[in-house]
Amino acid sequence: GCTDTSDCFTITGIGLADKTELKVDVYPVPFHSELTIDWKKSYPQIEISLTDLSGREVFYHQTEAKTRETIPLEGLSKGMYLLNLTANGQQQTIKIMK
């Protein structure tokens, strides 16, 4: 078996998160037929893409200055997906389940 050789510590950020991550809430997770993205800040241009774990893009949408976006995803198979959000030169990837 395995044993710890030292105490475990939780690291909560390295000081870059506020500058590099977009301010969003994504729900529901897991999703069924649609996914809602609430933007905590207004961005002039937003790109939303969803890829499966093999890297195949299954959804792409570009929009302007919205605070909420609901995307229809009813045709997707159950499993893990990567939600890729790009706005104002910033990018964030969020793992989500269907």
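Located above this text is the structure these notes cover.
Since the structure is predicted, the reported quantities are computational estimates derived from the model, not experimental observations.

## A closer look at the sheet that holds strand 6 (residues 80-87)
Phase 1: Pairing within the open sheet is antiparallel, and its four strands lie in the order 4-3-6-7. The open sheet has two edge strands with one neighbour each: strand 4 (57-63) and strand 7 (90-97). On average, adjacent strands in this sheet sit at an angle of 15 degrees to one another, irrespective of strand direction.
Phase 2: Bridge count between strand 6 and strand 7: eight bridges; the pairing is antiparallel. In the sheet register, Ala-87 faces strand 7, and the bridge partner there is Gln-90.

## Quick look at the environment of Pro-28
Phase 1: Positionally, Pro-28 belongs in the loop between strand 1 (24-27) and strand 2 (34-39).
Phase 2: Sequence separation of Pro-28 and Ile-96 is 68 residues, and the distance between their C-alpha atoms is 9.2 Å.
Phase 3: The residues touching Pro-28, leaving out its near neighbours within four places in the chain, are Glu-34 and Leu-35.

## Section: the sheet that holds strand 5 (residues 68-72)
Phase 1: Here we have three strands laid out as an open sheet, ordered 1-2-5, and antiparallel in their pairing. Two strands lie at the open edges of the sheet, namely strand 1 and strand 5, each paired on one side alone. The mean inter-strand angle of the sheet, taken between neighbouring strand axes irrespective of direction, is 15 degrees.
Phase 2: Judged from the five bridges that link them, strand 2 and strand 5 form a sheet pairing that is antiparallel. Each bridged residue has a counterpart across the sheet, and for Thr-36 the counterpart in strand 5 is Thr-70.

## Notes on the packing of aromatic side chains
Phase 1: What the rule picks out here adds up to two aromatic pairs.
Phase 2: Relative to Tyr-81, the ring of Phe-31 has its centre 6.3 Å away and its plane inclined at 55 degrees; by these criteria the two rings are tilted. Of this pair, Phe-31 sits in the loop between strand 1 and strand 2 while Tyr-81 sits in strand 6; the two residues are 50 residues apart in sequence, bridging distant segments of the chain. Taken as a pair, Phe-31 and Tyr-81 share a single burial class, namely buried.
Phase 3: Taken together, a centroid distance of 5.7 Å and an interplanar angle of 75 degrees make the contact between Trp-39 and Tyr-43 edge-to-face. Here the two residues Trp-39 and Tyr-43 agree in accessibility, since each one is buried.

## Details of the pairing of strand 4
Phase 1: Sheet topology note: the strand 3 (residues 46-52)/strand 4 ladder contains six bridges and is antiparallel. Each bridged residue has a counterpart across the sheet, and for Ile-48 the counterpart in strand 4 is His-61.
Phase 2: Linkage of strand 3 to strand 4, two consecutive antiparallel strands, is achieved through a turn of four residues, within which Gly-55 is found at a positive phi near 95 degrees.

Basis of the calculations
Residues numbered from 1 in each chain as written. Predicted model: local features only at pLDDT ≥ 70, side-chain atom pairs only at ≥ 80, totals over all residues. Heavy atoms only, no water. Pairing = 2+ DSSP bridges. Helix = DSSP H or I, 4+ residues; strand = E, 2+ residues; numbered from the N terminus. Axes fitted to C-alpha atoms, helices over the stretch in contact; angles between N-to-C directions. Contact = heavy atoms within 4.5 Å. Phe/Tyr/Trp six-rings, centres within 6.5 Å; stacked < 30°, edge-to-face > 60°. Buried < 20%, exposed > 50% of the residue type's maximum accessible area, 1.4 Å probe, protein only.

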